[in-house]
Amino acid sequence: MLRILDARTGEPVPATPARRGLTRVEAHVPGLDLTALRVLLTADLLVRALELAGTPLWTLLSAPREQAELRTAGTTLGIRPFEDSRDLASGLGEAQTVHVLSEDGAAPGAGPVLAVAPVEWTGTAEEPLPELLDDPDALRLALLSVPRTEPVRLDRPTLDEAARTVASWRSDVAGWAHRPSRPVPDEVRTRLRAAWEDDLDLPGVLAVLREVAQAPGVPDGARFETYMYADRLLALDLASGLGGTA
């Protein structure tokens, strides 16, 4: 069961009701900036993780301004669309609500709060947000690589390194795809789920993938299935290189 650190109480709590009833995930952002995108990304990851566990979900966006721009930037970053909370909040019945917001934000109503630390651009030159979204997979991986409770400090070398990693993984996946398919090893599947079910520990998920890529006893077909399984959560489009040469 996925457990999250509730910022209201400082205690870990289940992200879903005991009977896995409808869960409402609501992202709260004041407007469009890098921290807002990290909040939306965290909500997206929570939704993906709960979907993998078979949880019924209702995903909502609460934003007083720049909703259209937020949705466009979110889609570019691989974040699936959230519905407008102003239109739908009244129809949620008894759904449990998980609020996702920046660590300095305030959540309305009841329900656990998933707090997200800020993102800061520390490059020497000004980097407008549209330019950062020119390589959305590199930005997504850079944000995934830091625990959500820790601030992210982005610069051009960090994004370039993330871009190289994504390209390398896509190349590896394309090569492994030519080998006979093998299931995800049980121990690897358990470790991946244990990581993301522990307060969305995405750096832990990425560490498992790096180990699998180098582990001598893992068949290439199993490496392929492992990366495809994890990409259901990471959404880095790791299969985009399929069709190339081995």
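Residues numbered from 1 in each chain as written. Predicted model: local features only at pLDDT ≥ 70, side-chain atom pairs only at ≥ 80, totals over all residues. Heavy atoms only, no water.

Across its 21 residues, helix α6 (residues 156-176) extends 30 Å between first and last C-alpha, which sits within 8% of the 30 Å expected from 1.5 Å per residue. Taken residue by residue, α6 has Leu159, Ala162, Thr165, Val166, Trp169, Arg170, Val173, Ala174, Gly175 and Trp176 as its buried positions. Considering only its buried residues, α6 is in contact with β8 (119-121), α4 (129-132), α5 (136-144), β9 (152-154), α8 (202-214) and α9 (220-234). (Helix = DSSP H or I, 4+ residues; strand = E, 2+ residues; numbered from the N terminus. Expected span 1.5 Å × (residues − 1). Buried < 20%, exposed > 50% of the residue type's maximum accessible area, 1.4 Å probe, protein only. Contact = heavy atoms within 4.5 Å.)

Moving on, we get to the confidence of the model for the protein chain. Averaged over all residues, the pLDDT of the protein chain is 91; the fraction at 70 or higher stands at 93%. Ranking the elements of the protein chain by mean pLDDT puts helix α3 (residues 85-88) last with 59 and α9 first with 98. (pLDDT = per-residue confidence, 0-100.)

Both faces of the sheet carry side chains from a regular strand, because those side chains alternate between them. As paired elements, strand β1 (residues 3-6) and strand β2 (residues 11-14) share 4 bridges and run antiparallel to each other. The partner of Leu5 across the bridge, within β2, is Pro12. Counting the residues in the hairpin turn of β1 and β2 gives 4 residues, including Gly10, whose phi is positive at 75°. (Pairing = 2+ DSSP bridges.)

One recurring pattern in soluble globular proteins: nonpolar side chains tend to sit buried together. In this structure, Leu46, Leu154, Leu192, Tyr227 and Leu234 are the most contacted members of the largest nonpolar core, which totals 74 residues. Among the elements that take part in this core, helix α1 (residues 34-52) stands out by supplying 13 residues, more than any other. For Leu192, the contacting residues outside a window of four places in its chain are Val205, Val208, Leu209, Thr226, Tyr229 and Ala230. (Core = buried A, V, L, I, M, F, W, Y, C linked by side-chain atoms within 4.5 Å.)

Turning next to unusual backbone geometry. A positive phi angle, near 60°, is found at Glu66, a position not held by glycine. By the element assignment, Glu66 lies in the loop between β4 (57-62) and α2 (67-76).

Mapped onto the elements, Glu69 comes out in helix α2. Separated by 38 residues in sequence, Glu69 and Gly31 have C-alpha atoms that sit 8.7 Å apart.

One can describe the packing of α8 onto α9 by two numbers: an axis separation of 10 Å at closest approach and a directional angle of 165°. When the interaxial angle is binned, α8 and α9 end up roughly antiparallel. α8 and α9 meet at a crossing whose hand is left-handed. Across the interface between the two elements, Leu202, Val205, Leu206, Leu209, Arg210, Val212, Ala213 and Gln214 from α8 touch Arg223, Thr226, Tyr227, Ala230, Leu233 and Leu234 from α9. When the residues that make up the contact of α8 with α9 are grouped by side-chain class, the tally is 10 nonpolar, 2 polar and 2 charged. (Axes fitted to C-alpha atoms, helices over the stretch in contact; angles between N-to-C directions. Parallel < 35°, antiparallel > 145°, perpendicular 65-115°, else oblique. Left-handed = near helix turned anticlockwise from the far one by under 90°. Nonpolar A, V, L, I, M, F, W, Y, C, P; charged D, E, K, R; others polar.)

So, on to the pattern of salt bridges. A full pass over the atoms with the stated rule returns 16 salt bridges. Note that Glu26 is salt-bridged to Arg24, the shortest N-O span being 2.3 Å. Summarising the burial analysis for this pair, Glu26 and Arg24 share the class buried. Salt-bridge contacts for Arg179 lead to Asp220; the nearest nitrogen and oxygen are separated by 3.7 Å. Linking Arg179 in the loop between α6 and α7 (186-196) with Asp220 in helix α9, this pair joins segments that are 41 residues apart in sequence. By relative accessible area, which is 40% here, Arg179 ends up partly exposed. When its relative accessible area of 26% is taken as the criterion, Asp220 is described as partly exposed. (Salt bridge = Lys/Arg side-chain N within 4 Å of Asp/Glu carboxyl O.)

Turning our attention to the sheet that holds strand β7 (residues 113-116). Two modes of strand pairing occur in sheets, parallel and antiparallel, and in both the strands are linked by backbone hydrogen bonds. Spatially, the 5 strands line up as an open sheet ordered β5-β4-β3-β6-β7, and their pairing is parallel. Strand pairing shows two members of the sheet lacking a second neighbour, β5 (83-84) and β7, which therefore form its edges. Where strand β6 (residues 96-102) lies against β7, 4 bridges are found, and the strand directions are parallel. Across the sheet, Val100 pairs through a bridge with Leu114, a residue of β7.

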